[in-house]
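Descriptive analysis of the structure
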Amino acid sequence: MAINLKEMSRKELLQLKTDVEKALKDAEKRDRREALKAAEEAAAEYGYPLDDLVGKQKSPNARPKAAPRYRNPENPQQTWTGRGRRPQWVHDALAKGTDMSELEI
């Protein structure tokens, strides 16, 4: 299967590039599935599930989930940890003159 790249148009080359990138992603997914299956089989030979041996993998930059610090008085289901962008209900409450300390849990 020899492809003569010199005879292909720019459009054909770009399409070929897109097709190759997609095929590479698909091949990587397939290889990962096969590697996982082989690892599970190897662990099973010794009588262990793979999850027991490797544990859950966490991102090294992952922060623990924070507990909510603020609650919407109008809808107690809505909470906010105080991290990240303020939810709209916090902005609305502050615009009505509510003090931030009144929203604390």
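Just so you know, these numbers come straight off a predicted model, no measurement behind them.

Another point: the pattern of salt bridges. Taken as a whole and assessed by the stated rule, the structure comprises three salt bridges. With its nearest N and O atoms 3.0 Å apart, the salt bridge here joins Lys 22 to Asp 26. Taken together, the residues span about one helical turn, with Lys 22 and Asp 26 both in helix α1 (residues 10–45) at a distance of four residues. With relative accessibility at 51%, the residue Lys 22 sits in the exposed group. Exposure remark for Asp 26: the relative accessible area of 31% places this residue in the partly exposed category. Glu 28 is the salt-bridge partner of Arg 32, the closest N and O atoms lying 3.5 Å from each other. Taken together, the residues span about one helical turn, with Arg 32 and Glu 28 both in helix α1 at a distance of four residues.

Right, let's talk about a positive patch on the surface for a bit. Residues Lys 25, Lys 29, Arg 30 and Arg 33 make up a contiguous surface patch of positive charge. Tracing the chain through its elements places Arg 33 in helix α1.

Moving on, we come to the nonpolar core. Nonpolar side chains tend to gather and get buried jointly when the protein is soluble and globular. One finds Tyr 70, Trp 80, Trp 89, Val 90, Ala 93, Met 100 and Leu 103 forming the largest nonpolar core, which totals seven residues. If you tally residues by element for this core, the top one is helix α3 (residues 88–95), at three residues. The residues touching Tyr 70, leaving out its near neighbours within four places in the chain, are Gln 78, Thr 79, Trp 80, Gly 82, Trp 89, Met 100, Leu 103, Glu 104 and Ile 105.

The next point concerns the confidence of the model for the protein. For the protein, the average pLDDT comes to 91, and 95% of its residues sit at 70 or higher. The lowest-confidence element of the protein is helix α2 (residues 50–54), averaging 85 in pLDDT; the highest-confidence one is α1, averaging 96.

We now examine α3. Since the α-helix packs 3.6 residues into each turn, any two residues three or four apart lie on the same face. Burial in α3 covers these residues: Trp 89, Val 90 and Ala 93. For α3, the angular spread of the buried residues around the axis is 105 degrees, confining them to a single face. Opposite the buried face of α3, at more than 90 degrees from it, the exposed residues are Gln 88 and Ala 95. On the buried face of α3, the contacting elements are β1 (70–71) and β2 (79–80). Of the residues trailing α3, Gly 97 is marked for its positive phi of about 100 degrees.

Quick notes on the rules
- Residues numbered from 1 in each chain as written.
- Predicted model: local features only at pLDDT ≥ 70, side-chain atom pairs only at ≥ 80, totals over all residues.
- Heavy atoms only, no water.
- Salt bridge = Lys/Arg side-chain N within 4 Å of Asp/Glu carboxyl O.
- Helix = DSSP H or I, 4+ residues; strand = E, 2+ residues; numbered from the N terminus.
- Buried < 20%, exposed > 50% of the residue type's maximum accessible area, 1.4 Å probe, protein only.
- Patch = residues over 30% accessible without salt bridge, like charges linked within 9 Å, V, L, I, M, F, W, Y side chains within 5 Å.
- Areas by Shrake-Rupley, 256 points an atom, 1.4 Å probe, with all protein chains shown as cover.
- Lys, Arg positive; Asp, Glu negative; His and termini not counted.
- Charge placed at Lys NZ, Arg CZ, Asp CG, Glu CD.
- Core = buried A, V, L, I, M, F, W, Y, C linked by side-chain atoms within 4.5 Å.
- Contact = heavy atoms within 4.5 Å.
- pLDDT = per-residue confidence, 0-100.
- Arc of directions from axis to C-beta.

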